[in-house]
Amino acid sequence: RKEVEQDPGPFNVPEGATVAFNCTYSNSASQSFFWYRQDCRKEPKLLMSVYSSGNEDGRFTAQLNRASQYISLLIRDSKLSDSATYLCVVTQAGTALIFGKGTTLSVSS
Amino acid sequence: GAVVSQHPSRVICKSGTSVKIECRSLDFQATTMFWYRQFPKQSLMLMATSNEGSKATYEQGVEKDKFLINHASLTLSTLTVTSAHPEDSSFYICSASNSRGGSNYGYTFGSGTRLTVV
């Protein structure tokens, strides 16, 4: 079983749509959780950290369920510029980031 | 904010030659450097972890004699792909971590190196 699993998609949605991505992780010792965004042929960029209490940053909402080892990302009012691959990432303090394969989002006008 | 400069961004080399990739932390001390590679439509896979002044720790299946990592200073780490072959063609990317005390670590990525071996 892979450490971090995501539905690869692609998710093809129109502008303005709401889209949700899910992710599961296998290591119950994982302590920190993130969503990264990666554009084609570029380095990944941190989108947001994920906390058990849930957190929101503008149109983006992330949730963590430690009991189910499940992480989600919700994007509201999708923009064309949201088209990218979204990477679910987990880690323990001071160790390497472990990446999921990524979920590809394509937003069209 | 923290910046990691990675060079070269793109390199094409002949099979059998060696390629060196550099990652420099410009405004912080990178106590730990993580090296990843990413094949098309795949996730970033950790290759090795290096701490300044000590030998790198390689992940299972990564040949340490083929992928030489040097982390001689707190601002520079290098990855050398020796005797490169076409199957080594990939996107290589570094991630620097600096300890901020306690359990709060930051990760800063280089911009990646796209290696093509012909």
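First, a word on scope: everything that follows refers to the structure included in this document. Note that the structure is predicted; figures quoted are calculated from it, not measured.

### Considering the sheet that holds strand S6 (residues 55-57) of chain A
Residue and element names in this part refer to chain A. Across the sheet, which stays open at both edges, the five strands sit in the order S1-S3-S8-S7-S6 with antiparallel pairing between neighbours. Each of the sheet's edge strands pairs with one partner strand only, and the pair in question is strand S1 (4-6) and S6. Adjacent strand axes in the sheet meet at a mean angle of 20° when their direction is disregarded. With three bridges connecting them, S1 and strand S3 (residues 19-25) associate as antiparallel partners. Opposite glutamine 6, over in S3, you have cysteine 23 as the bridge partner.

### Points about the packing of aromatic side chains
Under the definition given, this model contains eleven aromatic pairs over all chains. Measuring from ring centre to ring centre gives 5.9 Å for phenylalanine 99 of chain A and phenylalanine 109 of chain B, while their planes differ by 70°; the resulting arrangement is edge-to-face. Here phenylalanine 99 of chain A, found in strand S10 (residues 98-99), pairs with phenylalanine 109 of chain B, found in strand S10 (residues 105-109), and the two come from separate chains. Take phenylalanine 109 of chain B: its relative accessible area is 10%, and that puts it in the buried class. Considering the side-chain rings of tyrosine 36 of chain B and phenylalanine 109 of chain B, the 6.2 Å spacing of their centres and the 40° angle between planes classify their relative orientation as tilted. Here tyrosine 36 of chain B, found in strand S4 (residues 32-38), pairs with phenylalanine 109 of chain B, found in strand S10; they are 73 residues apart in sequence, far enough to count as distant.

### A closer look at the sheet that holds strand S8 (residues 76-81) of chain B
Residues and elements named next belong to chain B. Strand order in the open sheet made by the four strands is S1-S3-S8-S7, with antiparallel pairing throughout. Every interior strand has two partners, whereas the edge strands, strand S1 (4-7) and strand S7 (67-73), have only one. Ignoring strand direction, the axes of neighbouring strands in this sheet form an average angle of 15°.

### Some points on the pattern of salt bridges
Residues and elements named next belong to chain A. In this structure the tally under the stated criterion is seven salt bridges over all chains. Ionic pairing is found between glutamate 56 and arginine 76, a salt bridge with its closest N-O pair at 3.5 Å. Of this pair, glutamate 56 sits in strand S6 while arginine 76 is found in the loop between strand S8 (70-75) and strand S9 (84-91), placing the two residues 20 residues apart along the sequence. Residue glutamate 56 is classed as exposed on the basis of its relative accessible area of 57%.

Here is what the cut-offs are and how they apply
Residues numbered from 1 in each chain as written. Chains lettered and ligands numbered in written order. Predicted model: local features only at pLDDT ≥ 70, side-chain atom pairs only at ≥ 80, totals over all residues. Heavy atoms only, no water. Pairing = 2+ DSSP bridges. Helix = DSSP H or I, 4+ residues; strand = E, 2+ residues; numbered from the N terminus. Axes fitted to C-alpha atoms, helices over the stretch in contact; angles between N-to-C directions. Phe/Tyr/Trp six-rings, centres within 6.5 Å; stacked < 30°, edge-to-face > 60°. Buried < 20%, exposed > 50% of the residue type's maximum accessible area, 1.4 Å probe, protein only. Salt bridge = Lys/Arg side-chain N within 4 Å of Asp/Glu carboxyl O.

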